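For reference, the chains in residue letters:
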Amino acid sequence: MTNKYDYSKIRVARNEFEALMKIHGVSNRRMAKIMGITEITSRKYIVEPPLIRVIHAFRMAEYLGLTTLDIVETIDYDLKQ
C-alpha cells in the first residue's frame, strides 16, 4: 500500500468508503484485484458503496486489516446522512 493520497483528495471524496480507500492508498485497479471483480464494477462500488456484496467487503477488510463490520459501518454512515 504505497499509493498514498494527499488530504486534499480525501476531502473531496464522494463518500466515506471512497475516503477510506484513499486513506489506505487503494486505487480502483487494486480494489478490483483484491475483490476479484472488474474495474468497471469497482468504479460502481466507489460511487455507490451499498452495492458492495458481503464477500467483497470481507476480502477488502482482510486486505486492509479491518473487520467486515468496519467496512459495513463505513457504508452505513453514508446512508444515514
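This text gives an overview of the structure that appears in the document. (Residues numbered from 1 in each chain as written. Predicted model: local features only at pLDDT ≥ 70, side-chain atom pairs only at ≥ 80, totals over all residues. Heavy atoms only, no water.)

1. Topic: the environment of Y63
Cut-off, in case you're wondering: Here a helix means four or more residues in a row that DSSP labels H or I, a strand means two or more in a row labelled E, and each is numbered from the N terminus. Think of a polar contact as two N or O atoms within 3.5 Å of one another; within protein, one of them needs to be a possible hydrogen donor and the other a possible acceptor, and neighboring residues in sequence only count if both atoms come from side chains.
If you trace the backbone, Y63 turns up in helix 5 (residues 54-64). A distance of 3.1 Å separates the side chain of Y63 from the side chain of R30, its partner in a polar contact.

2. Observations concerning helix 5
In plain terms, the rule: To sort residues, take the accessible area from a 1.4 Å probe on protein chains only and compare it with the maximum for the residue type: under 20% means buried, over 50% means exposed, and anything in between is partly exposed. Regarding the arc, it is the one traced by the directions from the helix axis to the C-beta atoms. Any two residues whose heavy atoms approach within 4.5 Å at even a single point are treated as in contact.
Every buried residue belonging to helix 5 is among H56, A57, M60, A61 and L64, and all of these are buried. Projected down its long axis, helix 5 carries its buried residues within an arc of 135°, all on one side. Those residues of helix 5 that are exposed and aimed more than 90 degrees away from the buried face are V54 and E62. In this structure, the buried residues of helix 5 make contact with helix 2 (16-23), helix 3 (28-35), helix 4 (39-47) and helix 6 (68-80).

3. Looking at the environment of T68
With respect to the helices and strands, the residue T68 is situated in helix 6. T68 sits in the partly exposed class, given a relative accessible area of 22%. Distance in space between the C-alpha atoms of T68 and V54 is 7.9 Å, their sequence separation being 14 residues. Apart from the residues lying within four places of it in its own chain, the contact partners of T68 are V54, A57, F58 and A61.

4. Overview of the packing of helix 2 against helix 6
Cut-off, in case you're wondering: Helix axes are fitted only over the stretch in contact, all axes being lines through C-alpha atoms; the angle between N-to-C directions runs from 0 to 180 degrees. In what follows, roughly perpendicular refers to angles from 65 to 115 degrees, roughly parallel to angles under 35, roughly antiparallel to angles over 145, and oblique to any angle outside these ranges. Nonpolar residues are Ala, Val, Leu, Ile, Met, Phe, Trp, Tyr, Cys and Pro. Charged residues are Asp, Glu, Lys and Arg, and all others, Gly as well, are polar.
Viewed as axis vectors pointing N to C, helix 2 and helix 6 meet at an angle of 135°, and their least axial separation amounts to 8 Å. As summarised for this structure, helix 2 and helix 6 are arranged oblique, according to the angle between their axes. Along the contact surface, helix 2 presents E16, F17 and L20, while helix 6 presents I71, T74, I75, Y77 and D78. Here the contact of helix 2 with helix 6 is built from residues that sort into 5 nonpolar, 1 polar and 2 charged.

5. Quick look at the packing of helix 3 against helix 5
If you want to describe how two helices pack, look at the angle between their axes and the distance between the axes. Here is the rule: Put simply, a crossing is left-handed when the front helix is turned counterclockwise from the back one by less than a right angle, and right-handed when it is turned clockwise.
Relative orientation of the contacting elements helix 3 and helix 5 amounts to 110°, with a least axis distance of 9 Å. Our classification of the angle between helix 3 and helix 5 gives roughly perpendicular. Judged by the twist between their axes, the crossing of helix 3 over helix 5 is right-handed. Across the interface between the two elements, R30, M31, I34 and M35 of helix 3 pack against H56, R59, M60 and Y63 of helix 5. Residues belonging to the contact of helix 3 with helix 5 are distributed by class as follows: 5 nonpolar, 1 polar and 2 charged.

6. Quick word on the pattern of salt bridges
Oppositely charged side chains can form a pair if their charged atoms are brought close together. Heads up, the rule is: Salt bridges are counted wherever a side-chain nitrogen of Lys or Arg sits within 4 Å of a carboxyl oxygen of Asp or Glu.
Taken as a whole, this structure holds 4 salt bridges when the rule is applied. Among the ionic pairs, R14 bridges to E18, the shortest N-O distance being 3.1 Å. With a relative accessible area of 56%, R14 lands in the exposed category. What makes E18 buried here is its relative accessible area of 9%. Linked through salt bridges whose partners overlap, the residues forming this network are R14, E18 and K22.

This is a description of form; function is not addressed.
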